[in-house]
Amino acid sequence: MTFPPALPRKQTGTVQTVVALMLREMSSTYGRSSLGYLWAILEPVAGIFLLTFIFSLAFRSPSLGTSFPLFFATGILPFMAYMDISNKMSVALRYSKQLLFYPGVTYTDALIARFLLNAMTSIMIAVTLLPMIIIFYDINVIVDIKAIALGYTLAFALGAGVGTINCFLLSVFPIWERAWAVLNRPMFIVSGVIVLIDTVPLPYRDWMWWNPLIHPVGLVRRGIYSTYDATYVSSAYVLAVSGITLALGLLLLRRYHRDIVNF
């Protein structure tokens, strides 16, 4: 019997460190019981059905299809995937500050662990809720898995980029945390979660296009609604924003992470 070659010592150490950090956060965030993971699913469910209740009182049908829960789920889930990753990565150094004094733990380990854990949680929520809604409401859909996967990939990439640059900004400029919270308040409205960008009049539609979150939300909806083209989606734009913010954040953290940890 042949065995795969062993990983180099340095790479093995990195993988073990990231896994340990993920397990540590799983324990602190979700607890040691399944109730913590149940709440991770119940939170978006509550948001979906609250919006369903409110909008069903005023409108007979959503902007796409006939199901309010499915329409809002296709918007809320990729939006929350971005928000969870960006928010958790932005405080990665603060959360793992004491561990970063150990030579075997680096700032990139802390960032990667938080990214992987929250990305996996978002995928788990999506593969649980979307089929449940489709089956429970007996909705006929032609699912495009590639479009949904690309939409989530863009949401993950954007969350990683914004989270990394904010990890530096929040650590160096404490006031940025409050400023960013204020800037993020209207994001739920202007990201296409409630209202399709197609229905927004000009020139506001053109302004909304520059919001990178519009694009992954549109892709996920394209993957669920076969008649929805979402021609405005630009994967290249989202990847450019994600790449620039990620690269800049990593460069700044590489230069100043020791000062941040020792502060």
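Below is a summary of the structure that appears in this document. Here the structure is a predicted model, which is why all the values come from computation and not from measurement.

### Comments concerning the overall build of the protein
When its secondary structure is counted, the protein shows eleven helices and zero strands. Each helix (α) and strand (β) of the protein, taken in turn from the N terminus, gives the series α-α-α-α-α-α-α-α-α-α-α. Here the C-alpha atoms of the protein give a radius of gyration of 20 Å, agreeing with the 18 Å that 2.2 N^0.38 yields for 263 residues. With respect to the three principal axes, the spread of C-alpha positions in the protein is 60 × 50 × 35 Å. Going through the 263 residues of the protein one by one, you find that 44% of them count as buried. Partitioning the intrachain contacts of the protein with sequence separation of at least 6 by distance along the chain shows that 75% fall at a separation of at least 24. Of the roughly 14700 Å² of accessible surface on the protein, a fraction of 68% belongs to carbon and sulfur atoms. Distance between charge centroids for the protein: 10 Å, based on 18 positive and 11 negative side chains.

### Observations regarding unusual backbone geometry
Glycine aside, residues mostly have negative phi angles, and peptide bonds mostly take the trans form. P203 follows L202 through a cis peptide bond whose omega is 5 degrees. Relative to the helices and strands, P203 is located in the loop between α8 (187-190) and α9 (204-209). Phi is positive for A230, which is not a glycine, with a value near 50 degrees. Note that A230 resides in the loop between α10 (214-224) and α11 (235-262).

### Things to note about the pattern of salt bridges
Under the definition given, this model contains two salt bridges. The partner of R114 in a salt bridge is E25, and the shortest N-O contact between them spans 2.8 Å. With a gap of 89 residues between them, R114 in helix α5 (residues 107-136) and E25 in helix α1 (residues 9-30) connect regions that are remote in the sequence. Judged on exposure class, the residue R114 and its partner E25 are both buried. Among the salt bridges present, the one from E177 reaches R94, with a minimum N-O distance of 3.1 Å. Here E177 is found in helix α7 (residues 175-184), whereas its partner R94 is found in helix α4 (residues 92-95), with 83 residues between them in sequence.

Criteria and cut-off values
- Residues numbered from 1 in each chain as written.
- Predicted model: local features only at pLDDT ≥ 70, side-chain atom pairs only at ≥ 80, totals over all residues.
- Heavy atoms only, no water.
- Helix = DSSP H or I, 4+ residues; strand = E, 2+ residues; numbered from the N terminus.
- Rg over C-alpha atoms; globule rule 2.2 N^0.38 Å.
- Buried < 20%, exposed > 50% of the residue type's maximum accessible area, 1.4 Å probe, protein only.
- Contact = heavy atoms within 4.5 Å.
- Areas by Shrake-Rupley, 256 points an atom, 1.4 Å probe, with all protein chains shown as cover.
- Lys, Arg positive; Asp, Glu negative; His and termini not counted.
- Charge placed at Lys NZ, Arg CZ, Asp CG, Glu CD.
- Salt bridge = Lys/Arg side-chain N within 4 Å of Asp/Glu carboxyl O.

Honestly, that's just the spatial picture; any functional story needs more than this.
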